[in-house]
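One letter stands for each residue in the lines below.
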Amino acid sequence: MPYIELKNINKVFNPNSNREHHALKNISLVINKGDFITIIGGNGAGKSTLFNAISGVFPLDSGSISINDVEISATKEFERAKYISRVFQNPLDNTAPRMTVAENMALALNRGERRTLKFSKNKDNIALFENLLKNLNLGLEQKLNTEMGVLSGGQRQAIALLMATMKAPELILLDEHTAALDPKTQKKIMLLSEEKVKEKNLTALMITHNLQDALTYGNRMLLLHQGEIVRDFSEEEKKKLSVTDLYKIMVDLDE
């Protein structure tokens, strides 16, 4: 039985107008538990729209989404947040800048429950946060009482990853989460992402424009083009490809 299944998903924006755009076209996808799937495609291919569909940002025009054989297509975005985590491209979108590191982590620890901050003062939780941050080797365990807004983009993305995986989600969506970072920090965050996915046996989807990362990480790779999944590469197929090969495949789609 598939762990997560998307069946014939369609989404049209601005229907019946001169701006009509069929963003997702009969998308069907079976995701197995523990899959780490990288997703590539040109601008407008439908990558972020796919993530928005899975997250419940908008209602589907047709099709269905199920997790563990439970249909979630009609559930609201905030309800899906109990079991779907998402790390966005912009470090500012992942955390509350005026709240401290500890307060942000406390919210993540309480994901899917009634929002409250009182437990953030709990000594056990503080010890947990310190330990998680210490493992990053970024010195962030000293910054529990620092406002998130004063940290660097890389520091915030590292904490966002911890927050997204603190309570192991059914699915984690990595939405170009290294794109706004410098190359050295990108590599650090990618290694941390891989470590967290393996450590917690997470099921993950990752959008990336970095073709080398798309080939290096994960056990599957999807290529989207004009709202459709045009290729689903297995781990073996990925291993045989170079960045040049992949680039040529993408260029050929536009011809």
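Residues numbered from 1 in each chain as written. Predicted model: local features only at pLDDT ≥ 70, side-chain atom pairs only at ≥ 80, totals over all residues. Heavy atoms only, no water.

1. Concerning the nonpolar core
1) Next: Counting residues in each nonpolar core, the largest one holds 34 residues, and the members touching the most others are Val101, Met105, Leu133 and Ile159.
2) Next: Those elements giving two or more residues to this core turn out to be helix 3 (101-109), helix 4 (123-134), helix 5 (153-166), strand 7 (171-175), helix 6 (183-199) and strand 8 (204-207).
3) Next: Among the elements that take part in this core, helix 5 stands out by supplying eight residues, more than any other.
4) Next: Excluding residues that lie within four positions of it along the chain, Met105 makes contacts with Phe129, Leu132, Leu133, Leu144, Ile159, Leu162, Met163 and Met166.
5) Next: In terms of nonpolar packing, the next biggest core, distinct from the first, is built from 27 residues, Ile4, Ile37, Ile67 and Leu222 among them. (Core = buried A, V, L, I, M, F, W, Y, C linked by side-chain atoms within 4.5 Å. Buried < 20%, exposed > 50% of the residue type's maximum accessible area, 1.4 Å probe, protein only. Helix = DSSP H or I, 4+ residues; strand = E, 2+ residues; numbered from the N terminus. Contact = heavy atoms within 4.5 Å.)

2. Some remarks on the packing of helix 3 against helix 5
1) Next: As a packed pair, helix 3 and helix 5 sit with axes 8 Å apart at the nearest point and diverge in direction by 25°. By the angle between their axes, helix 3 is roughly parallel relative to helix 5. In this structure, helix 3 crosses over helix 5, and the sense of that crossing is right-handed. Facing Val101, Asn104, Met105, Ala108 and Leu109 of helix 3, the residues of helix 5 in contact are Ile159, Leu162, Met163 and Met166.
2) Next: For the contact of helix 3 with helix 5, the residue count by class is eight nonpolar, one polar and no charged. (Axes fitted to C-alpha atoms, helices over the stretch in contact; angles between N-to-C directions. Parallel < 35°, antiparallel > 145°, perpendicular 65-115°, else oblique. Left-handed = near helix turned anticlockwise from the far one by under 90°. Nonpolar A, V, L, I, M, F, W, Y, C, P; charged D, E, K, R; others polar.)

3. Comments concerning helix 6
1) Next: Along its 17 residues, helix 6 runs 24 Å from first to last C-alpha, staying within 8% of the 24 Å computed at 1.5 Å per residue.
2) Next: Among all positions in helix 6, only Thr185, Gln186, Ile189, Met190, Leu192, Ser193, Lys196 and Val197 are buried. Along the axis of helix 6, the buried positions cluster into a sector of 165°, meaning they face one direction only. Exposed residues on helix 6 whose side chains face more than 90 degrees from its buried face are Pro183, Lys184, Lys187 and Lys198.
3) Next: Packing partners of the buried residues in helix 6 comprise strand 3 (36-40), helix 4, helix 5, strand 7, strand 8 and helix 7 (211-216).
4) Next: The opening residue of helix 6 is Asp182, an N-cap whose side-chain oxygen sits 3.1 Å from the backbone nitrogen of Lys184.
5) Next: Phi turns positive one or two residues past the end of helix 6, at Asn201, with a value near 50°. (Expected span 1.5 Å × (residues − 1). Arc of directions from axis to C-beta. Polar contact = N/O pair within 3.5 Å; in protein donor to acceptor, adjacent residues only side chain to side chain.)

4. Remarks on the side chain of Asp213
1) Next: You can see Asp213 is positioned in helix 7.
2) Next: Buried and unpaired, Asp213 has Lys187 as its nearest opposite-charge partner, separated by 7.1 Å.
3) Next: Asp213 has contacts with Thr38, Met190, Met206 and Thr208, leaving out every residue within four places of it along the chain. (Lys, Arg positive; Asp, Glu negative; His and termini not counted. Salt bridge = Lys/Arg side-chain N within 4 Å of Asp/Glu carboxyl O.)

5. Quick look at the pairing of strand 4 (residues 62-67)
1) Next: Direction of pairing for strand 1 (residues 4-13) relative to strand 4: antiparallel, over a ladder of five bridges. Across the sheet, the residue bridging to Glu5 is Ser66, located in strand 4.
2) Next: Bridge count between strand 4 and strand 5 (residues 70-71): two bridges; the pairing is antiparallel. Bridge pairing links Ile67 to Val70 in strand 5.
3) Next: Taken together, strand 4 and the strand that follows it, strand 5, pair antiparallel across an intervening segment of two residues, in which Asn68 is found at a positive phi of about 55°. (Pairing = 2+ DSSP bridges.)

6. Observations concerning the pairing of strand 8
1) Next: Going residue by residue along strand 8, you find Ala204 and Met206 tucked away on one face and Leu205 and Ile207 tucked away on the opposite face as well.
2) Next: Sheet topology note: the strand 3/strand 8 ladder contains four bridges and is parallel. In the strand pairing of strand 8, Thr38 is matched with Met206.
3) Next: Examined bridge by bridge, strand 7 and strand 8 share four bridges and lie parallel to one another. Opposite Leu173, over in strand 8, you have Leu205 as the bridge partner.
4) Next: For the crossover from strand 7 across helix 6 to strand 8, the handedness is right-handed. (Right-handed = clockwise from strand over helix to strand, strands pointing away.)

7. Side note on the packing of aromatic side chains
1) Next: Applying the stated criterion across every chain, the model contains one aromatic pair.
2) Next: Consider the rings of Phe13 and Phe58, whose centres lie 5.5 Å apart with planes at 90°: the pair is edge-to-face. Taken together, the residues Phe13 in strand 1 and Phe58 in the loop between helix 1 (47-55) and strand 4 connect sequence positions 45 residues apart.
3) Next: On the accessibility criterion, Phe13 (28% relative accessible area) is partly exposed. (Phe/Tyr/Trp six-rings, centres within 6.5 Å; stacked < 30°, edge-to-face > 60°.)

8. Some remarks on the sheet that holds strand 5
1) Next: Pairing within the open sheet is antiparallel, and its four strands lie in the order 2-1-4-5. If you trace the sheet from one side to the other, it starts and ends with strand 2 (21-31) and strand 5, each paired once.
2) Next: Running at roughly 65° to strand 2, helix 1 makes contact with strand 1, strand 2 and strand 4 of the sheet.

On their own, these measurements won't tell you what the molecule is for.
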